[in-house]
Amino acid sequence: MRMLTKAPRGTNDIIPAESVKWRYIEDVTGKICKSYGFKEIRTPLFEHTELFERGVGDTTDVVQKEMYTFNDKGGRSITLRPEGTAGAARAYLERNLYAEAQPTKLYYNISCYRYEKPQAGRLREFHQFGAECYGAKGPAVDAEMIMLAENVLTELKIPGIKLNINSIGCPTCRAEYNRALREYFSGCYDELCDTCKSRYEKNPLRILDCKSPVCKKLCEGAPMLLDYICEECSEHFEGLKKYLDASHVPYNVDPTIVRGLDYYTKTVFEFKTTLEGTQGTVCGGGRYDGLIEEIGGSPTPAIGFAMGMERILLAMEAAGSLPELDENPDLFVATIGGEADIFSMNFIKNLRQEGISAARDYLDRSLKAQMKYADKLGARFSLVLGETEVNEKRAKLKNMTTGETKEIDLCDIAKAIKEEL
Ligand code: ATP
Ligand code: MG
């Protein structure tokens, strides 16, 4: 029976005390996206497995180890989305978004699914805020994308934010680099983990992103892609840096960033926080000029990022960055006697229509118990309706914080509360 009252490992309920925080964060991200001209897209929670194999890349940890994949009753292989980019890219093609004014700038707030070992800031169902831009190849959009992410992190007051950028080149420069990498790793091939042994042939760059301590150690001293990038990629990277410098966005060039997904090209970046216990990386992104073609579209440049919202929230809580958020009622209406009880129903209904959030008792509490309940709910004002109040259409409005009372006509209650809120 334990399974009935215990949620699957690595999942989390967002109970009311938490959901206000999520809504706050989503409001902030939504507003900032709007100011950058990004519009929201909502795609399905599951897609054909092939989309992620292609769109995330079958040499990545995500595809090789972490996906929730199953056959549906029709025998099709389905995967719960481990990230948002592939679905957005599929929709861009399927829904002809490329036919609209380019580039297409999208954002989303989604749940994602990865079979990982749960720990602080690492869940099996987690949430991402992400943004994607299709159809622009110059570094200006890379810079704006980074600034959008930075703007969100700053607005949410995430402490100790550090931006690292790198370029991982294009297929042209990577061919030569892959040769250099293979040569480097050929000296220690036998010590690589099994996954990396297969990466050695298919995509040696991936070895640099392996989490196994042995492979990590072997990567020290490996050649850096930044030393191999071609002229076009190098110009792109310089362009990005110029834009960031001109916009006063501090960054650090970190030639070791590779990023988890396969189709990244040129710019890659991540934001880390210095806070402990929150899984350092709160945002990862990069250009993926190869993806749209990979999933069947015509070659289209693209760039995106995603933030891990659980990590964002952990960091905000640790730093006390959340504003005061409550959903307490504006008014509690207590009643004495049956007549007032009936009357209060329609009275409260009208107040709600005037924009006041109002609560009442449902449990036949005594007046004293009703007031205690009002206190527990954190109501800002309260009102007691008895026979006299109902007949005279006037009552005492009590400010629950100051204890002050004011006698007011019932038809003016909403106005009086609004004035004081
Ligand atoms: P990590 O190296 O921490 O596993 P990743 O490279 O797998 O991260 P991405 O695929 O780039 O992560 O996803 C973008 C962001 O989503 C990450 O920077 C992180 O904040 C968040 N994220 C990734 N996996 C999880 C998870 N299992 N639980 C919570 N957040 C996650
Ligand atoms: Mg991961």
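Coordinates for the structure precede this section.
Here we summarise the structure given alongside this text. Just so we're clear, the structure is a prediction, and the values are computed from it rather than from any experiment.

## Some thoughts on the state of the cysteines
Next, step 1: Applying the stated rule across the entire model yields zero disulfides.
Next, step 2: Of all cysteine sulfurs, the one in Cys233 lies closest to Cys170, which takes part in no disulfide; the gap is 3.5 Å.
Next, step 3: Cys170 gets classed as buried once you look at its relative accessible area, which sits at 11%.
Next, step 4: The thiol of Cys215 is unpaired, and the distance to the nearest cysteine sulfur, on Cys193, comes to 3.7 Å.
Next, step 5: Overall, the relative accessible area of 0% leaves Cys215 in the buried class.

## Topic: helix α5 (residues 139–155)
Next, step 1: Between its first and last C-alpha, α5 extends 24 Å over 17 residues, near the 24 Å set by a 1.5 Å rise per residue.
Next, step 2: Along α5, the positions that sit buried rather than exposed are Pro139, Val141, Asp142, Ala143, Met145, Ile146, Met147, Leu148, Ala149, Val152 and Leu153.
Next, step 3: Just past α5, the residue Lys157 takes up positive phi, approximately 55°.

## Quick look at the environment of Leu97
Next, step 1: With respect to the helices and strands, the residue Leu97 is situated in the loop between α4 (85–94) and β5 (104–113).
Next, step 2: Judged by its relative accessible area of 14%, Leu97 falls in the buried class.
Next, step 3: C-alpha separation for the pair Leu97 and Ala359, spaced 262 residues apart in sequence, amounts to 46 Å.
Next, step 4: The contacts of Leu97, once residues within four sequence positions are left out, are Ile41, Ala91, Tyr92, Gln102, Thr104 and Leu106.

Criteria and cut-off values
Residues numbered from 1 in each chain as written. Chains lettered and ligands numbered in written order. Predicted model: local features only at pLDDT ≥ 70, side-chain atom pairs only at ≥ 80, totals over all residues. Heavy atoms only, no water. Disulfide = S-S within 2.5 Å. Buried < 20%, exposed > 50% of the residue type's maximum accessible area, 1.4 Å probe, protein only. Helix = DSSP H or I, 4+ residues; strand = E, 2+ residues; numbered from the N terminus. Expected span 1.5 Å × (residues − 1). Contact = heavy atoms within 4.5 Å.

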